[in-house]
Amino acid sequence: VEAIEDFLARGPDQRLRIVLHDIDHVEHYCPRLLALRGRFMQRLEFRQTTVELRHLRDAHLLADGRHGAIRFHMGQARGKHVSDDPVEIAPRWRRFDDLWDMSSSCLPATRTGL
């Protein structure tokens, strides 16, 4: 969490976007991450996939337009590291952007209620 906080604190251009199938784990076991969400509302965003997309099992961490890590199946250790290769990482960014657009906002920065 400290590394994420340092990253987000660098400036308004630093953003972290996370797409999840299931938000329960984050809601129940990641209070420090949720606290960061409250602090960096405009730069730390969560979205949840629709039911139709929850069969997807790949995962990726995309750092920028040149670097990333791809896990072909969440249940397996097999994956791929992409370093300084914008051509190879571009299809993953397109896939992430599509998932982002098809997902809905979740995990509000503040909780309301009595």
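About the criteria used
- Residues numbered from 1 in each chain as written.
- Predicted model: local features only at pLDDT ≥ 70, side-chain atom pairs only at ≥ 80, totals over all residues.
- Heavy atoms only, no water.
- Helix = DSSP H or I, 4+ residues; strand = E, 2+ residues; numbered from the N terminus.
- Buried < 20%, exposed > 50% of the residue type's maximum accessible area, 1.4 Å probe, protein only.
- Contact = heavy atoms within 4.5 Å.
- Areas by Shrake-Rupley, 256 points an atom, 1.4 Å probe, with all protein chains shown as cover.
- Lys, Arg positive; Asp, Glu negative; His and termini not counted.
- Charge placed at Lys NZ, Arg CZ, Asp CG, Glu CD.
- Pairing = 2+ DSSP bridges.
- Phe/Tyr/Trp six-rings, centres within 6.5 Å; stacked < 30°, edge-to-face > 60°.

Draft legend 1. Representation of the overall build of the protein chain in the model. For the protein chain, the helix and strand inventory stands at four helices and six strands. Listing each helix as α and each strand as β along the protein chain from the N terminus yields α-β-α-α-β-β-β-β-α-β. Viewed in the frame of its principal axes, the protein chain has a C-alpha envelope of about 50 × 35 × 25 Å. Here the protein chain holds 114 residues, and the buried ones make up 26% of them. In the protein chain, the share of contacts with a sequence separation of at least 24, taken over all contacts with a separation of at least 6, comes to 60%. Counting every atom, the protein chain has about 7800 Å² of accessible surface; 53% of that belongs to carbon and sulfur. For the protein chain, the centre of its 18 positive side-chain charges and the centre of its 17 negative side-chain charges are spaced 1 Å apart.

Draft legend 2. Broad picture of the pairing of strand β4 (residues 68-71). Taking every second residue as pointing to the same face, the buried face of β4 carries Gly 68 and Ile 70, while none of Ala 69 and Arg 71 on the other face is buried. Across four bridges, strand β3 (residues 59-62) lies against β4 in antiparallel orientation. Within the sheet, the bridge partner assigned to Leu 61 lies in β4 and is Ala 69. Here β3 hands over to β4 after five residues, the two strands then running antiparallel side by side.

Draft legend 3. Representation of the packing of aromatic side chains within the structure. One pass over the structure, following the stated rule, counts two aromatic pairs. Summarising the aromatic geometry, the rings of Trp 93 and Phe 96 are spaced 6.1 Å apart at their centres and angled 85 degrees between planes, so their arrangement reads as edge-to-face. Of this pair, Trp 93 and Phe 96 both sit in helix α4 (residues 86-102), separated by three residues, roughly a single helical turn. On the basis of relative accessibility, which here comes to 23%, the residue Trp 93 falls in the partly exposed class. Using a relative accessible area of 9% as the deciding quantity, one classes Phe 96 as buried.

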